[in-house]
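Take a look at the letters that make up each chain.
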Amino acid sequence: MSAIYSPAGARSTPNHIDTCDVLAVQLHGEKSWTVDDRPRVLNALPSQTDARPDEWHFSNAMDVTTRVGDALFIPRGVLHNAMASDVDSLHLVIGLSPLTWHDVLTRKLQDLCDTDPALRGSVLSTTGPFGQHGAGEKVAALLAGMASEESLATLAKETMRKRGYEYALNSDGQVFAKSIEDLF
């Protein structure tokens, strides 16, 4: 979440995409938005945060003006920009990050690599084509075990619970919900 202040007549954001869904809430003044009608980058990844190429042009944009109390939803990957009207402007940006399959699979592999020393070994080992201690076989078994929809659904639910727990912690590391179930 962030707040963006723009002096009267100033562009508050250049043409860009966000890597999460965005809810922009106008708190003061007015802002003119130009928003494309479809994602420029489908399912944009966090690693694409520097995606602000000036050469991108709008294909079928709509112009929207937000006033105090208005909210504008912009899906991730959609090209947009904003400019303050003739008065100073302030809007709140709330980023909504959905849980993606990229997140689920990355987290599972990270957890395995953190707990299994064999998966942190070099692939350039002289002890076999898959590195030390059969790491290649372990990765192949992991991928084979995730091959069913049921396994993937269980993995996604497990990741949602872990993510929910992380979001349930306050800055002191204390849980602010009675239980994780309260979050779902």
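Participant: Help me understand the environment of K108 in this model?
Facilitator: Along the polypeptide, K108 turns up in helix α1 (residues 101–115). Along the chain, K108 and T159 lie 51 residues apart, while their C-alpha atoms are 8.1 Å from each other.

Participant: Please explain the side chain of T34 as it appears in this structure.
Facilitator: Along the chain, the position of T34 falls in strand β4 (residues 30–39). A relative accessible area of 18% means that T34 is categorised as buried. Once residues within four sequence positions are removed from consideration, T34 is found in contact with F58, A61, M62, D63, L79, H80 and N81.

Participant: Just to check I follow, could you spell out the sheet that holds strand β7 (residues 78–84) for this structure?
Facilitator: Picture the strands of a sheet paired through backbone hydrogen bonds; they go either parallel or antiparallel. Strand order in the open sheet formed by four strands is β2-β7-β4-β5, and the pairing between neighbours is antiparallel. Where the open sheet ends on each side, the last strands, each with one partner, are β2 (11–16) and β5 (62–67). Geometrically, the sheet is characterised by an average inter-axis angle of 20° between neighbouring strands, direction not taken into account. Pairing analysis gives six bridges linking β4 to β7, with the strands arranged antiparallel.

Participant: Whenever I open this one, the environment of G136 confuses me. Can you help?
Facilitator: With respect to the helices, strands and loops of the structure, G136 is situated in helix α2 (residues 135–145). Along the primary structure G136 and L119 are separated by 17 residues, whereas in three dimensions their C-alpha atoms are 8.1 Å apart.

Participant: Explanation requested: the sheet that holds strand β8 (residues 89–96) in the structure shown.
Facilitator: Reading across the sheet, the four strands line up as β1-β8-β3-β6 and stay open at both edges, with antiparallel pairing between neighbours. The sheet terminates laterally at β1 (2–6) and β6 (71–74), the two strands that pair on one side only. Taken pair by pair, the neighbouring strands of this sheet meet at an average axis angle of 25°, ignoring direction. The sheet contact formed by strand β3 (residues 21–28) and β6 spans four bridges and is antiparallel. Looking across to β6, one finds that V22 is bridged to I74.

Participant: It is not clear to me how the nonpolar core should be interpreted in this structure. Could you clarify?
Facilitator: Generally speaking, a soluble globular protein has its nonpolar side chains buried in company with each other. Within the largest apolar cluster, ten residues are counted, these being C20, V22, A24, W33, V35, L72, I74, V78, A82 and V93. Counting residues per element, the ones that place at least two in this core are β3, β4, β6 and β7. The contacts of I74, once residues within four sequence positions are left out, are C20, D21, V22, W33, V35 and H80.

Participant: How should the pattern of salt bridges be read in this particular structure?
Facilitator: Note that side chains of opposite charge can pair when their charged atoms are close. One pass over the structure, following the stated rule, counts two salt bridges. One salt bridge connects E30 with R67, and the closest N-O pair in it is separated by 3.3 Å. A residue pair is termed long-range when its members are at least 10 positions apart, and E30 in strand β4 and R67 in strand β5 qualify at 37 residues. Accessibility expressed as a relative area gives 28% for E30, which makes it partly exposed. A salt bridge links D37 to R38; the nearest nitrogen and oxygen atoms lie 3.3 Å apart.

The rules we used
- Residues numbered from 1 in each chain as written.
- Predicted model: local features only at pLDDT ≥ 70, side-chain atom pairs only at ≥ 80, totals over all residues.
- Heavy atoms only, no water.
- Helix = DSSP H or I, 4+ residues; strand = E, 2+ residues; numbered from the N terminus.
- Buried < 20%, exposed > 50% of the residue type's maximum accessible area, 1.4 Å probe, protein only.
- Contact = heavy atoms within 4.5 Å.
- Pairing = 2+ DSSP bridges.
- Axes fitted to C-alpha atoms, helices over the stretch in contact; angles between N-to-C directions.
- Core = buried A, V, L, I, M, F, W, Y, C linked by side-chain atoms within 4.5 Å.
- Salt bridge = Lys/Arg side-chain N within 4 Å of Asp/Glu carboxyl O.

Function cannot be read off these values alone, since they describe shape.
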